[in-house]
Amino acid sequence: MNYSLIPTAQTIVQHCQANDISNIVISPGSRNAPLTIGFTENPFFTCFSIVDERCAAFFALGMAQQLQKPVAVICTSGSALLNYYPAVAEAYYSNIPLVVISADRPIYKVGIGDGQTINQKNVFENQIGYSANLRQDVSHATDMIRHYKPEWIKDENIDKIQNEVQAFNDAELNTAFTIAFTSQSPVHINAPFEEPLYNTTETNVIAKIGLIFSEETNQTSLQSEKDIWNTSKRKIVLVGVNKPNSVDEKVLQSLSNDPSVLVLTETTSNLNQPSFFNSIDSIIAPIEMNSDKDAFFENLRPEVLVTFGGLIVSKKIKAFLRTFSPEHHWHIGGVKANDTFFCLDKHIKVPVNRFFQEMYSDAKIVKSDYFNYWGQVKKEYVFKRSSYLNKIPFSDFSVFSQLMQSIPNNYLLQLANSSTIRYTQLFDMNPTLRVYCNRGTSGIDGSTSTAIGASVVSETPTLFITGDLSFFYDSNALWNNSIKNNFRIIVINNKGGGIFRILPGKENTDVFETYFETRHNLNAEHLCKMFGFEYRKANSTEVLEEALSDFYRESSRPRLLEITTPALINDKILMDYFRFIT
């Protein structure tokens, strides 16, 4: 097997293999040639080639999201690295172990006007788990070093200095990979390479690879929390982004049977118990419109708030809990605990299942009418929602209702941000689906690339639902030779950023349409033709029903369905829904 002649490139490849990081996403370039050679020549690795670095990073993020293990992205020097930044930030706030490996110019060629060169060290400083800035080898291109940096060598033995470089780089790599695995954070490895870049050898360096140890399980006593839990008559369990099948069935049943508990879930919670409240805004919004809202909110205010999982979508639940704060807020599990509601008093670093098993270990049930009261409110809005759907015209609201009922069992469902994730929050979700959305930074960039990356490693078909702006923004995602034939995209095209019509400050003016809503007349048909997707379109309930009838069937190409909805009435129909169920 051929190896790059550059020891640092060999060392990086060895560390990745030792840590079972087998998926490598490479963007083309010359400076990263030593890495490209090392990874592609080794049959242990599965390599993907993606030209657009922003798409490449989100593609890798989607893979890591599903595999729950690190995936590496590799790029050349210069601005190529900066294109990774949106995905790195998403990985940082979503706790996804993305490994960024950038090739760099030698330090003596940085800041002198050399081409394709920027300051790459610590470039992700505020959104990264660790930055490993490797040292340049002195055993490679030694004559260049003697010319440009003679002080690195002086009269010392080259082998001795190279051993010091090797030891330093091994230590930095061991630290980076340990952090990636134990804290589920992105890490950045920056490797300076001097020319020649393409030479190979059959001799491999010997890297010193450290062992990664998981943290010991926290055995903290939960007795004080249990005492509070067993005496509180109003408790809310609020679940953010959460992996499917991560909560034990017994725990779910205990929560379902507790009359003092409301479990509020989101689409990304992947929890679908019938007694849980899966449409938070359908509870909160009608109260906001009530003339006696403070009294209703006081009735809803919990004594204890327990949160677990990642970030929360609903702005309404955030506003409620920030104003009507609980006496206690505990965040369970995870490496981070966000004080989202400005009332966090404990981060309890124990597994979620263990926490609730402890809370219910004595089988004590607090007498309370908390669930019965709000459960009746839920029944009423579910009934009214059905009535409302029967009276409204074709719109975003009706389309999402139709789509949620159409998705086959066991699909991987990827959702774009903005209106897409918010509309899905209003409807029941098929409990067999696994649902994901980039909620770390909640940006519209990279959603399509993430979905494609996730689909590549998913054993089941993938559906990606997106709005038009998000889709067109990331259209380079389709420039990918790894897209499966069972990959499906649904684009809800309302000719602009429809979410801005439901936010405060909306005005029907040219300024609003141009600079906020960004109205357009684009469609996805020609993109589909260029990238080899089957294309379908719908603009009514009947046409949509027909299009969906065989949309999910096996096909020889991936498929995209574009649904055009009326931009000028979507916001009114949504706001009227909340008034209707009030």
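Quantities reported herein were computed from a predicted structural model and do not represent experimental measurements.

What counts as what
- All residue numbers refer to positions counted from 1 along the written sequence of the respective chain.
- Given that this is a predicted model, residues contribute local features only at a pLDDT of at least 70 and side-chain atom pairs are listed and counted only at 80 or more, while totals for whole chains, interfaces and linings are drawn from all residues.
- Hydrogens and water molecules were not included; the side-chain quantities draw on all heavy atoms of the structure.
- The pairing criterion is simple: DSSP has to find at least two bridges between the two strands.
- Counting from the N terminus, the helices are the DSSP runs of H or I reaching at least four residues and the strands are the DSSP runs of E reaching at least two.
- As a rule, the C-alpha atoms of each element are fitted with a line to give its axis, helices using only the stretch in contact, and angles between N-to-C directions run from 0 to 180 degrees.
- Should any heavy atoms of two residues lie within 4.5 Å, those residues are counted as being in contact.
- Whenever Lys or Arg places a side-chain nitrogen within 4 Å of a carboxyl oxygen from Asp or Glu, that contact is recorded as a salt bridge.
- Burial classification: accessible surface area is computed with a 1.4 Å probe over protein chains only, and a residue below 20% of its type maximum counts as buried, one above 50% as exposed, and the rest as partly exposed.
- Throughout, nonpolar core names a set of buried Ala, Val, Leu, Ile, Met, Phe, Trp, Tyr and Cys residues whose side chains join them through atoms within 4.5 Å.
- Here, the arc refers to the directions that run from the helix axis to the C-beta atoms.
- Under this definition, polar contacts are N or O atom pairs within 3.5 Å; protein pairs additionally need one hydrogen-donor-capable and one acceptor-capable atom, and for neighbouring residues in sequence, both atoms have to be side-chain atoms.

Novice: Would you mind showing me how to read the sheet that holds strand β7 (residues 187-192) here?
Specialist: Strand pairing in a sheet relies on backbone hydrogen bonds. The paired strands run either parallel or antiparallel. Strand order in this open sheet of six strands is β3-β2-β4-β5-β7-β6, and the pairing throughout is parallel. The open sheet has two free edges, formed respectively by β3 (46-49) and β6 (130-133), since each of these has just one partner strand. With direction set aside, neighbouring strand axes in the sheet form an average angle of 20 degrees. Examined bridge by bridge, strand β4 (residues 71-75) and strand β5 (residues 98-104) share five bridges and lie parallel to one another. Counterpart to valine 73 in the pairing with β5 is valine 100. Against the sheet, helix α3 (residues 53-67) contacts β2 (23-26), β3, β4 and β5, and its axis sits at roughly 170 degrees relative to β4. Helix-sheet contacts for helix α7 (residues 158-182) involve β5, β6 and β7, and the interaxial angle to β6 is about 160 degrees.

Novice: Please explain unusual backbone geometry as it appears in this structure.
Specialist: Among all residues except glycine, the phi angle is most often negative; among peptide bonds, the trans geometry is most common. In the segment running from glutamate 195 into proline 196, the intervening peptide bond is cis, with an omega of 5 degrees. Take proline 196: it is sitting in the loop between β7 and β8 (200-201). With phi around 50 degrees, glutamine 116 is a residue other than glycine that occupies positive phi space. Summarising the element assignment, glutamine 116 is placed in the loop between β5 and β6.

Novice: When you look at the pattern of salt bridges in this model, what are you seeing that I'm missing?
Specialist: Pairing of side chains with opposite charge becomes possible as their charged atoms draw close. Applying the stated criterion to the full structure yields 16 salt bridges. One salt bridge connects arginine 105 with aspartate 114, and the closest N-O pair in it is separated by 3.7 Å. Since its relative accessible area comes to 13%, arginine 105 is described here as buried. On the basis of relative accessibility, which here comes to 33%, the residue aspartate 114 falls in the partly exposed class. When the shortest N-O distance is used, the salt bridge between lysine 109 and glutamate 194 registers 3.2 Å. Residue lysine 109 is located in the loop between β5 and β6, and its partner glutamate 194 is located in the loop between β7 and β8; the two are separated by 85 residues in the primary sequence. Residues lysine 109 and glutamate 194 agree in their burial class; the two are buried. Members of the salt-bridge network, linked through shared partners, are Glu513, Glu517 and Arg519.

Novice: Which parts of the structure should I look at to understand the nonpolar core?
Specialist: General note: in soluble globular proteins, nonpolar side chains tend to be found buried as a group. Counting 61 residues, the largest nonpolar core has Leu238, Phe397, Ile465 and Ile490 as its most contacted members. Excluding its chain neighbours within four sequence positions, the residues that come into contact with leucine 238 are Leu264, Ile280, Leu305, Val306, Thr307, Phe308, Ile312, Ile317, Leu321 and Phe341.

Novice: I'm lost on helix α12 (residues 315-323) in this one. Help?
Specialist: Along an α-helix, residues three or four positions apart point the same way, because every turn accommodates 3.6 residues. Among the residues of α12, those classed as buried are Ile317, Lys318, Phe320 and Leu321. All buried residues of α12 fall inside an arc of 165 degrees around its axis, so they share one side. Looking at α12, the residues exposed on the side facing more than 90 degrees away from the buried face are Lys315 and Thr323. Between a side-chain oxygen at the N-terminus of α12 and the backbone nitrogen of lysine 316 the separation is 3.3 Å; the capping residue is serine 314.

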